[in-house]
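# Architecture at a glance
Take a look at the letters that make up each chain.
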Amino acid sequence: MDKTEKELRQDIVEVGRLVYQKGWVAANDGNISIRLDQERILCTPTGVSKGMMHVDDLIICDMQGNKILGRKERTSEIMMHLTVYGIRPDVRSVVHAHPPVATGFATAGRPLTQALLPEVIIGLGCVPLADYGLPGTPELTEPMLPYIPKYDAILMGNHGAVCYGDDVFRAFFRMETVEHYARIALVAELLGGARVLPKIEVDKLFDSRTRYGVKARAGAEPGCPVVAEDLNGGGERFEVTREELIALVDEALRARGVT
Ligand SMILES: [Zn+2]
């Protein structure tokens with residue numbers, strides 16, 4: 001059964017508290033929204049800490065981003081939420097935050113696209129990076145447009161991340177997966193570099209989605225995720241023993257009449 005507006009308001013307040021407690025936003029950063037129906041979006045206001053909101057702080061906007069109910073002011077980033085809702089009829093909630101490790105990758109110009117962790121590949125495929133765009137303007141959403149139809153989590157260059165799903169907790173958990181993945185990728189890099197999974201393993205993980213009941217958008221695409229073969233210049237890796245290698249070199253030299 002669908003939740004009431006009152007319950008959805010409580011859900012946003014709860015997710016806001018979690019986002020703040022996890023350190024994914026500072027001060028009044030971030031925003032959360034839920035699609036109430038075809039015409040209305042329930043969303044967090046601007047100028048309020050997402051960790052300390054009251055259900056009455058939330059505002060309701062129409063699909064053009066005009067406020068239709070609420071005392072507080074709307075966030076300029078509402079247009080990004082509306083862009084996602086416009087492209088993805090399946091999306092009921094959008095969460096935007098600045099989780100520090102994922103945002104670090106976004107700021108370094110590094111997408112989170114390497115095939116490293118089974119849960120990430122199954123749940124998200126990969127997390128592409130959209131170029132920087134000035135917040136509160138169409139420049140912010142423009143670079144995200146190619147990714148929104150295919151992916152449920154996107155890094156935003158020099159800014160943060162946005163995740164969405166069929167309810168606000170799903171969107172929140174996706175943000176949690178993105179930040180967790182970024183932390184692990186960073187630690188692997190500090191320890192000498194991650195070992196990227198080969199295509200055959202990535203294909204098996206995509207195939208296992210039905211077994212886990214995962215409804216994810218992203219299928220395997222060239223470069224998303226990046227598999228081991230992509231990093232080896234596209235060539236297939238194989239191993240030879242020392243003796244086999246010597247024999248191959250000898251044979252090549254003989255063929256050229258060197259020995
Ligand atoms: Zn932001």
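See the structure printed just above.
Since we're looking at a predicted model, the values are computed, not measured.

## Considerations on the overall build of the protein
Helices and strands together make up the secondary structure of the protein, namely 10 helices and 8 strands. Seen through its C-alpha atoms, the protein measures out along the principal axes to roughly 90 × 35 × 30 Å. A buried classification covers 43% of the 259 residues belonging to the protein. For the protein, long-range pairs separated by at least 24 residues make up 64% of all intrachain contacts whose partners lie at least 6 apart in sequence. Carbon and sulfur atoms make up 54% of the accessible area of the protein, which totals about 13,800 Å².

## Remarks on the coordination of the zinc ion
Taken together, the protein ligands of the zinc ion are H96 (NE2), H98 (NE2) and H159 (NE2), with distances of 2.0 to 2.2 Å. Along the chain, the residues donating to the zinc ion are arranged with the sequence spacing H-x1-H-x60-H. Of this pair, H98 sits in the loop between β5 (93–97) and α3 (100–107) while H159 is found in the loop between β7 (153–156) and β8 (160–165), placing the two residues 61 residues apart along the sequence.

## Observations concerning the pattern of salt bridges
Side chains that differ in sign of charge can pair as their charged atoms come close. Across all of its chains, the model carries 15 salt bridges by this definition. In this structure, K204 engages E201 in a salt bridge whose closest nitrogen and oxygen atoms are separated by 3.1 Å. Placement of the pair is K204 and E201 together in helix α7 (residues 199–207), with a separation of 3 residues, close to one helical turn. For E201, a relative accessible area of 31% puts it in the partly exposed group.

## Details of the packing of helix α1 (residues 5–21) against helix α6 (residues 168–190)
Closest axis-to-axis distance for the α1/α6 pair is 10 Å, and the angle between their directions is 10°. In terms of axis orientation, α1 runs roughly parallel to α6. Within the contact between the two elements, α1 uses D11, E14, V15, L18 and V19 and α6 uses V168, F169 and F172. Considered class by class, the residues forming the contact of α1 with α6 number 6 nonpolar, no polar and 2 charged.

## Digging into α3
Given 3.6 residues per helical turn, the α-helix brings residues three or four places apart onto the same face. Within α3 the residues assigned to the buried category are V101, A102, T103, F105 and A106. In this fold, the buried residues of α3 make contact with β6 (129–130), β7, β8 and α6. Positive backbone phi, approximately 75°, marks G109, located one or two places after α3.

## Observations regarding a nonpolar patch on the surface
On the surface, V240, L245, L248, V249, L253 and V258 cluster together into a nonpolar patch covering about 480 Å² of accessible area. On the basis of relative accessible area, L245 is assigned to the partly exposed category, the value being 46%.

## Focus on the sheet that holds β7
Spatially, 8 strands are ordered β4-β3-β2-β1-β5-β8-β7-β6 in an open sheet, and the strand pairing comes out mixed. Taken across any chain shown, the strands that pair with only one partner, and hence form the sheet edges, are β4 (67–69) and β6. The sheet contact formed by strand β1 (residues 31–35) and strand β2 (residues 40–43) spans 3 bridges and is antiparallel. Counted as the bridge partner of S33 is C43 from β2. Packed onto the sheet, helix α2 (residues 78–87) meets β1, β2, β3 (59–62), β5, β7 and β8 and runs at close to 35° relative to β1. α3 contacts β6, β7 and β8 of the sheet and is inclined by roughly 60° relative to β7.

## Quick notes on empty space enclosed by the protein
With the rule as written, the count across this model stands at 1 cavity of 30 Å³ or more. A volume near 30 Å³ is recorded for the largest cavity. Around the largest cavity, the lining residues are A130, D131, Y132, G133, L140, M144, M156, G157 and H159. When the residues that make up the lining of the largest cavity are grouped by side-chain class, the tally is 5 nonpolar, 3 polar and 1 charged.

## Here's the deal with α6
The end-to-end C-alpha separation of α6 is 33 Å, in line with the 33 Å expected for 23 residues at 1.5 Å each. Every buried residue of α6 is accounted for by V168, A171, F172, R174, M175, V178, E179, Y181, A182 and A185. A side-chain oxygen of the first residue of α6 lies 2.8 Å from the backbone nitrogen of F169; this N-cap is D167. Count one or two residues on from α6 and you reach G192, which has phi positive near 115°.

Criteria and cut-off values
- Per chain, residues are indexed from 1 in the order of the written sequence.
- Under the rules for a predicted model, residues below a pLDDT of 70 receive no local features and side-chain atom pairs below 80 are neither given nor counted, while totals for whole chains, interfaces and linings still include all residues.
- The basis for every side-chain value is the complete set of non-hydrogen atoms in the structure, without hydrogens or water.
- Every helix listed is a DSSP run of H or I at least four residues long, and every strand listed is a run of E at least two residues long, numbered separately from the N terminus.
- A 1.4 Å probe rolled over the protein chains alone gives each residue an accessible area, and that area as a share of the maximum for its type sets the label: buried under 20%, exposed over 50%, partly exposed in between.
- Pairs of residues are marked as contacts when any of their non-hydrogen atoms sit within 4.5 Å.
- Here the open area of atoms and residues is found with the Shrake-Rupley method and a 1.4 Å probe, where only the protein chains shown may cover a residue.
- For Na, K and Ca the donor cutoff is 3.2 Å, while for all other metals N, O and S atoms must lie within 2.8 Å; water is not among the atoms, so some sites may look incomplete.
- Each salt bridge in this description consists of a side-chain nitrogen of Lys or Arg and a carboxyl oxygen of Asp or Glu lying within 4 Å of one another.
- Convention adopted: a line fitted to C-alpha atoms gives each axis, helices being fitted over their contacting stretch, and angles between N-to-C directions are expressed from 0 to 180 degrees.
- Orientation is classified from the angle alone, with under 35 degrees giving roughly parallel, over 145 giving roughly antiparallel, 65 to 115 giving roughly perpendicular, and any other angle giving oblique.
- Each residue gets one of three labels, nonpolar for Ala, Val, Leu, Ile, Met, Phe, Trp, Tyr, Cys and Pro, charged for Asp, Glu, Lys and Arg, and polar for the others, Gly among them.
- Exposure above 30% relative accessible area and the absence of a salt bridge qualify a residue for a patch, where like charges join within 9 Å and nonpolar side chains (Val, Leu, Ile, Met, Phe, Trp, Tyr) within 5 Å.
- Between any two strands, pairing holds if DSSP finds at least two bridges.
- For each structure, a 1 Å grid was placed over the protein atoms alone; sets of points admitting a 1.4 Å probe that cannot get out are labelled cavities, open sets with protein on both sides within 12 Å along at least five of seven lines are labelled pockets, and lining residues have an atom within 4 Å of a point.
- Grid points are joined across faces, edges and corners, and a volume is the space filled by probe spheres set on the points.
- Expected helix span is computed as 1.5 Å times (number of residues minus one).
- Residues adjacent in sequence count toward polar contacts only when both atoms are side-chain atoms; beyond that, a polar contact is any pair of N or O atoms within 3.5 Å, and within protein one must be able to donate a hydrogen and the other to accept it.

Scope: geometric values only; no functional claims are made or implied.
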